[in-house]
Amino acid sequence: MLRKPWLHFLLLGLMLFVVGQRLFPEPKPVLGPPNPERLSAMVENYTRFAPDGVSPALFERFIDTELRDELLFREALNRDLQYRDAAVEQRIIRNMRFLDTNTTASDRELIEQGYALRLHLTDEVIRRRLVQIMERLIVATRPNPAPSADAVATRYEQELDSWREPARYTFRHVFLSMERVAEMPALMEQINTENVSPDAARLLGAPFLSGYAFQRQSPEQMTRVFGAEFAEQVSATEVQAGVWIGPVSSVFGQHYVYIEAFEPSRTLALEEVSVRIERDLVREGEEQAVVDWVEGAMAGYEVRRS
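Now for a description of the structure that goes with this document. Quantities reported herein were computed from a predicted structural model and do not represent experimental measurements.

## Topic: the overall build of the protein
Part 1 of the argument: Secondary structure summary: the protein contains 12 helices and eight strands in total.
Part 2 of the argument: Taken over C-alpha atoms, the radius of gyration comes to 33 Å for the protein, far larger than the 19 Å a tight globule of 306 residues would show.
Part 3 of the argument: Expressed as a percentage of its 306 residues, the buried residues of the protein come to 34%.
Part 4 of the argument: When contacts within the protein are restricted to residue pairs at least 6 apart in sequence, those whose partners lie at least 24 apart make up 71%.
Part 5 of the argument: A gap of 10 Å separates the mean positions of the 35 positive and 46 negative side-chain charges of the protein.

Pasting the structure below:
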């Protein structure tokens, strides 16, 4: 057989093919550069809440996010996921009817026309939807076992300070505006002398827009309603249920406060927060699964950042 010329040509061709594949591999598909309009939108949205602007390091993270989403979008299209989602179809129907308000075409016809016009490639809502579907597909196809009891306990110990529950105050109050604060000493004396109930006492004061009875309020919650001075004064007072404290100042005036119940600050037990910790660990595992998948898929692309 080795003397056959055709076999020599076959072997030589095979060798040249193998050498060619190694020396001249198939070029990778190109990913990027990032869409400048989307990057500009990210920067604009961020600077609305951060006047100092976007740092170079943060801008690089924006680029990473845009490349990541573009990769997931492409992979979703490669799997034809756009044809399997009702929300995508409804978005195409809406866009088609917007383009031609007088159309008499059926929904199915509009969907076919929309795909023919490649609306699914340019619509930002569809793009975000397909990215989310691809993320869920990755999570669903990768093992993510439930967190063990040891993992939950370890996370609890690591974040012990975050499980500190603030003190809670259940109270009613009598309010006097800034113009009437001079009346507060007499009002307090009348309530104490006549043993006026909290419900009856509030009628002696002025109307208060946010109400008169508050349940299990933390200092932070009191700050949002009454201001920081009110919360600080109440927190600094050694309170107990069934007593009046005051006068307590706020941004609105002064208050005479009746403490109905008080729950001191405490650290929540592991049993009280284990479900929340498990949920956090599962979510983190799902996010890491997507990160790992993206990193692996990126290796198959020539990534251009600019």
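Resuming the write-up.
## Focus on the pairing of strand 3 (residues 168–177)
Part 1 of the argument: The element strand 3 is largely enclosed, with a buried count of nine among its 10 residues.
Part 2 of the argument: Strand direction decides the pairing type here: strand 3 and strand 6 (residues 253–263), joined by 10 bridges, are antiparallel. Bridging across to strand 6, V174 finds its partner in Y256.
Part 3 of the argument: As paired strands, strand 3 and strand 4 (residues 213–217) are joined by three bridges and run antiparallel to one another. The partner of R172 across the bridge, within strand 4, is A213.

## Looking at the sheet that holds strand 5 (residues 243–249)
Part 1 of the argument: Spatial ordering of the open sheet is given by 4-3-6-5, a layout of four strands whose pairing is antiparallel. For this open sheet the edge positions go to strand 4 and strand 5, each flanked by a neighbour on one side alone. Averaged over all pairs of adjacent strands, the angle between strand axes in this sheet comes to 30 degrees, irrespective of strand direction.
Part 2 of the argument: Contacts from helix 8 (residues 184–194) reach strand 3, strand 5 and strand 6 within the one sheet, and its direction differs from that of strand 6 by about 35 degrees.
Part 3 of the argument: Running over the sheet, helix 10 (residues 219–226) touches strand 3, strand 4 and strand 6 and is turned about 145 degrees from strand 4.

## What to know about unusual backbone geometry
Part 1 of the argument: With omega at 0 degrees, the peptide bond leading from G32 into P33 counts as cis.
Part 2 of the argument: Along the polypeptide, P33 turns up in the loop between strand 1 (30–31) and helix 2 (36–47).
Part 3 of the argument: Between G246 and P247 the backbone carries a cis peptide bond, its omega angle lying at 5 degrees.
Part 4 of the argument: Relative to the assigned elements, P247 resides in strand 5.
Part 5 of the argument: Of note in this structure, D80 is not a glycine but carries a positive phi near 60 degrees.
Part 6 of the argument: Assessed through its relative accessible area of 37%, D80 is described here as partly exposed.
Part 7 of the argument: At N195, a residue that is not glycine, the phi angle is positive and equals roughly 55 degrees.
Part 8 of the argument: Summarising the element assignment, N195 is placed in the loop between helix 8 and helix 9 (198–201).

## Quick word on the environment of E287
Part 1 of the argument: With respect to the helices and strands, the residue E287 is situated in helix 12 (residues 270–298).
Part 2 of the argument: A relative accessible area of 45% means that E287 is categorised as partly exposed.
Part 3 of the argument: Sequence separation between E287 and V181 is 106 residues, and the spatial gap between their C-alpha atoms is 55 Å.

## A closer look at the side chain of H120
Part 1 of the argument: Relative to the helices and strands, H120 is located in the loop between helix 5 (107–116) and helix 6 (124–140).
Part 2 of the argument: A residue is classified by how much of its surface remains accessible, and H120, at 7% relative accessible area, is buried.

## Regarding the pattern of salt bridges
Part 1 of the argument: Tallied over the full model, the rule gives 27 salt bridges.
Part 2 of the argument: Taking the shortest distance from any N to any O, the salt bridge between R168 and E165 comes out at 2.9 Å.
Part 3 of the argument: Between R172 and E260 there is a salt bridge, with the nearest N and O atoms lying 2.6 Å from each other. Of this pair, R172 sits in strand 3 while E260 sits in strand 6, and the two are 88 residues apart along the sequence.
Part 4 of the argument: Connected via shared salt-bridge partners are R38, E66, E70, R74, E124 and R127.

What counts, and where the lines are drawn
- Residues numbered from 1 in each chain as written.
- Predicted model: local features only at pLDDT ≥ 70, side-chain atom pairs only at ≥ 80, totals over all residues.
- Heavy atoms only, no water.
- Helix = DSSP H or I, 4+ residues; strand = E, 2+ residues; numbered from the N terminus.
- Rg over C-alpha atoms; globule rule 2.2 N^0.38 Å.
- Buried < 20%, exposed > 50% of the residue type's maximum accessible area, 1.4 Å probe, protein only.
- Contact = heavy atoms within 4.5 Å.
- Lys, Arg positive; Asp, Glu negative; His and termini not counted.
- Charge placed at Lys NZ, Arg CZ, Asp CG, Glu CD.
- Pairing = 2+ DSSP bridges.
- Axes fitted to C-alpha atoms, helices over the stretch in contact; angles between N-to-C directions.
- Salt bridge = Lys/Arg side-chain N within 4 Å of Asp/Glu carboxyl O.

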